[in-house]
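Summary of the model geometry
What follows is each chain in one-letter form.
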Amino acid sequence: RKENIIMNEEKCCKGCGIKLQDENVLQEGYTVSLEQDYCQRCFRIKNYGDYQVVTKSNDEYIDILKQVGETKDLVLYIADLLNLEENFEEIRKYIPNKMILVLNKKDVLPKSVKEEKIINYFANMEIPFEKVIVISVEKNKNIDYLLKQIKLYQTSKDVYVVGHTNAGKSTLINKLISNYSDNNEELTISPLPATTLSTVKIELNDYLTLIDTPGLVDNGSIVNVVDKTVLKKISPRKEIKPKTYQIKKGQSILVDDLLRIDYVEGEKNSFTFYMSNDLKIRKIASRRMDLKEMGKTTHQMKFDEDLCINGLGFIKMVNQGTVDIYTYPNVTSYTRKNLI
């Protein structure tokens, strides 16, 4: 089935994997010349930072994941530590293969957060992964260890890389190329979802070929509804400095104009925000505001739970209580046991 997944027989963009074509400038994969290695979209992203949003159905991506699941190859499942998925077992509906969970972007969490605690958190969830590894591509943390584990668990030369958009799949592959290969190819990366449009095959060396796959688009993420300027603002580029507020019933927290949290019921509580340092967070007295364009969700928080805002980060709470969340319609939120 691998020939159905990897489109090496046709000339494809080395940045995003889409089939190259020189006939329609409005269609994906357009290039001025089929002699080029990159489509015009990837060329402009690489050279000018000119991001062009592409909206594709998740059904196309899920079909690719199902085909990966029909192989026996090792799979790396990449996740963003700041914006972890609500249900990690969902990937198993499509891929039963041996799988390593790679938790990326440790560099944006405070240094005081120990990776052993994060690994134990997932061990207690009894998730069916061969290994859980915490890395930072940005700081080159545990990349050597990851490669050793890939060698240990791989079943063939091919290793697939999967995950949601913006988790850092292509960035990780570029780091592995830079560290361990003479290959001078580079995948296209950007802060926007759906940068990789099809599978891209990268031969790292004689014993390892990495196959990047398009990221699953989380329709409940805030990254789908904000513009490029706001997207850069909510995407942390350095270690987060947590902000803690003591909140009483009847008080609210504003996060820029993206999020409002009303504390509607409960004893005095502690809210610690793990979000980009570029966001302005402030405490106010709850009052009527113009919320016509905002969606509301109510959460009954238990002791020691996080409130996760999809694509924005999470809030660590200590006591039980009731909160109302106001943010963009279709942006989801959920609760979990404290990660930190």
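Below you will find a few notes about this structure. On a predicted model such as this, the values are computed, not experimentally measured, just so you know.

1. Quick notes on helix H4 (residues 115–123)
Among all positions of H4, only Glu115, Ile118, Tyr121 and Phe122 are buried. On an axial view of H4, the arc spanned by its buried residues comes to 115 degrees, and they lie on one face. Those residues of H4 that are buried lie in contact with strand S2 (99–104), strand S3 (131–134) and strand S16 (333–337).

2. Things to note about the sheet that holds strand S13 (residues 305–309)
If you trace the 5 strands from one edge of the open sheet to the other, you get S7-S10-S14-S13-S16, paired in antiparallel fashion. What marks the edges here is a single partner per strand, and that holds for strand S7 (243–247) and S16. Between one strand axis and the next, the sheet turns through 25 degrees on average, direction left out of account. Here 5 bridges tie S7 to strand S10 (residues 269–274), and the two strands are oriented antiparallel to one another. Within S10, the residue paired with Lys243 across the bridge is Phe273.

3. Section: the side chain of Thr213
Looking at where Thr213 falls in the secondary structure, it is placed in the loop between strand S6 (208–212) and helix H7 (228–234). The buried category is assigned to Thr213, whose relative accessible area is 1%. From its side chain, Thr213 meets the backbone oxygen of Val161 in a polar contact 2.7 Å long.

4. A word on the packing of aromatic side chains
Within this structure, the stated rule accounts for 7 aromatic pairs. Where Tyr77 meets Phe88, the ring centres are 6.0 Å apart and the plane angle is 65 degrees; that geometry is what we call edge-to-face. Separated by 11 residues along the polypeptide, Tyr77 in strand S1 (residues 74–80) and Phe88 in the loop between S1 and S2 bring together distant segments of the chain. With relative accessibility at 2%, the residue Tyr77 sits in the buried group. In this structure an aromatic cluster arises from ring pairing among Tyr77, Phe88, Tyr121, Phe122 and Phe129.

5. A closer look at the packing of helix H5 (residues 143–153) against helix H6 (residues 169–180)
At a minimum axis distance of 11 Å, the contact between H5 and H6 shows a crossing angle of 90 degrees. By the criterion of interaxial angle, the relationship of H5 to H6 is roughly perpendicular. Of H6, the residues touching H5 (which contributes Ile143, Asp144, Leu146 and Leu147) are Leu172, Lys175, Leu176, Asn179 and Tyr180. A per-class count over the contact of H5 with H6 returns 6 nonpolar, 1 polar and 2 charged.

6. Quick look at the pairing of strand S5 (residues 200–205)
Inspection of the sheet shows S5 paired to S6 by 5 bridges, in the antiparallel sense. Its bridge partner lying in S6, Val200 is registered against Asp212. Counting the residues that bridge the hairpin from S5 to S6 gives 2 residues.

7. Things to note about the sheet that holds S1
As summarised here, the arrangement of the 6 strands in space is S3-S2-S1-S4-S6-S5, forming an open sheet in which the pairing is mixed. Looking along the sheet, the strands with just one partner apiece sit at the ends: S3 and S5. Here the strands of the sheet are splayed against their neighbours by 25 degrees on average, with no regard to which way each runs. As paired strands, strand S4 (residues 158–163) and S6 are joined by 4 bridges and run parallel to one another. Within S6, the residue paired with Asp158 across the bridge is Thr209. Seen against the sheet, H4 touches S2 and S3 and runs at an angle of roughly 150 degrees to S3.

8. Here's the deal with the side chain of Ser221
Relative to the elements of secondary structure, Ser221 occurs in the loop between S6 and H7. Judged by relative accessible area, which is 6%, Ser221 ranks as buried. Ignoring sequence-local partners within four residues, the contact set of Ser221 consists of Asn310, Gly311 and Val331.

Reading the values: the criteria
- Residues numbered from 1 in each chain as written.
- Predicted model: local features only at pLDDT ≥ 70, side-chain atom pairs only at ≥ 80, totals over all residues.
- Heavy atoms only, no water.
- Buried < 20%, exposed > 50% of the residue type's maximum accessible area, 1.4 Å probe, protein only.
- Helix = DSSP H or I, 4+ residues; strand = E, 2+ residues; numbered from the N terminus.
- Arc of directions from axis to C-beta.
- Contact = heavy atoms within 4.5 Å.
- Pairing = 2+ DSSP bridges.
- Axes fitted to C-alpha atoms, helices over the stretch in contact; angles between N-to-C directions.
- Polar contact = N/O pair within 3.5 Å; in protein donor to acceptor, adjacent residues only side chain to side chain.
- Phe/Tyr/Trp six-rings, centres within 6.5 Å; stacked < 30°, edge-to-face > 60°.
- Parallel < 35°, antiparallel > 145°, perpendicular 65-115°, else oblique.
- Nonpolar A, V, L, I, M, F, W, Y, C, P; charged D, E, K, R; others polar.

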